[in-house]
Amino acid sequence: GEHTDALLDTPAQVCPRGLLFALQPYACEAATHPCRLLTHASQEIFFDLLATFPRARVVLTLRDPLAWAESRRRRHPTDRAPVLPLFGVEAPMGALSAEQAATALALWHKVVAAAVPPERLLVLDVFSMPSAELWRRLCAFLQKPLPRDEAGELPPFPSLGYGDDMQLGSTD
């Protein structure tokens, strides 16, 4: 979005700053340029990215694992479950119970947190933290000023609306 674009300036400046995002382990949306900011985690290439960019800073976004699992199983039952492929287990979300999928996500969060040194890891709960707190933590981590709208206020933190857990097939 416009406010996050201002934080990152241009894609070419992402690599020198060493920023990678590790969000929920959704299927990878392949980056077409090596300096692109990853906004969907790719557990399949996460460790390769860390090896390629050893000084990368990582933003790990959290969500209640059970709420995530219930939503993910309903919306994307054929997607791979998080963390299990690291152990050679290929399991689609729909093959797991909500509790199993939630445990897999919680384990993925632990894997990311263990793989990245604390000084290069920012953990945000985008579903429960207030917008202003999210902006403060992200901007401090990026060493950037807080974005302001025309009235000088902090804009709402960008969200895809997943926190509202939209109904399948809804046009709202």
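Up top is the structure these notes are about.
Residues numbered from 1 in each chain as written. Predicted model: local features only at pLDDT ≥ 70, side-chain atom pairs only at ≥ 80, totals over all residues. Heavy atoms only, no water.

(A) Helix α4 (residues 65-75), seen in detail. Among the residues of α4, W68, A69, S71, R72 and R75 are the ones counted as buried. Packing partners of the buried residues in α4 comprise α5 (98-115). (Buried < 20%, exposed > 50% of the residue type's maximum accessible area, 1.4 Å probe, protein only. Helix = DSSP H or I, 4+ residues; strand = E, 2+ residues; numbered from the N terminus. Contact = heavy atoms within 4.5 Å.)

(B) Broad picture of the packing of α4 against α5. Between α4 and α5, the shortest axis-to-axis distance is 8 Å and the interhelical angle comes to 120 degrees. The angle between the axes of α4 and α5 places the two elements in the oblique class. As for how α4 packs across α5, the hand of that crossing is right-handed. Listed contacts from α5 to P65, L66, W68, A69, E70 and R73 of α4 are A98, E99, A101, A102, L105 and A106. For the contact of α4 with α5, a count of residues per class yields 9 nonpolar, no polar and 3 charged. (Axes fitted to C-alpha atoms, helices over the stretch in contact; angles between N-to-C directions. Parallel < 35°, antiparallel > 145°, perpendicular 65-115°, else oblique. Left-handed = near helix turned anticlockwise from the far one by under 90°. Nonpolar A, V, L, I, M, F, W, Y, C, P; charged D, E, K, R; others polar.)

(C) Seen up close, a nonpolar patch on the surface. Nonpolar side chains collect at one region of the surface, where F47, L86, F87 and V89 lie side by side and expose about 380 Å² of accessible area between them. For V89, the position within the fold is in the loop between α4 and α5. With relative accessibility at 38%, the residue V89 sits in the partly exposed group. (Patch = residues over 30% accessible without salt bridge, like charges linked within 9 Å, V, L, I, M, F, W, Y side chains within 5 Å. Areas by Shrake-Rupley, 256 points an atom, 1.4 Å probe, with all protein chains shown as cover. Salt bridge = Lys/Arg side-chain N within 4 Å of Asp/Glu carboxyl O.)

(D) Quick look at α5. Over its 18 residues, α5 extends 26 Å from the first C-alpha to the last, a length consistent with the 26 Å expected when each residue adds 1.5 Å. Of the positions making up α5, those classed as buried are A98, A101, A102, A104, L105, W108, H109 and V112. Summarising the axial view, the buried residues of α5 lie within an arc of 160 degrees, below the 170-degree limit, and thus occupy one face. Of the residues in α5, the exposed ones pointing more than 90 degrees away from the buried face are E99, K110 and A114. (Expected span 1.5 Å × (residues − 1). Arc of directions from axis to C-beta.)

(E) Structural view of the pattern of salt bridges. Taken as a whole and assessed by the stated rule, the structure comprises 4 salt bridges. Between R80 and E90 there is a salt bridge, with the nearest N and O atoms lying 3.1 Å from each other. Here E90 lies in the loop between α4 and α5 and R80 lies in the loop between α4 and α5, a separation of 10 residues in the sequence. Judged by relative accessible area, which is 32%, R80 ranks as partly exposed. Residues R137 and E133 are paired through a salt bridge, measuring 2.6 Å at the closest nitrogen-oxygen approach.

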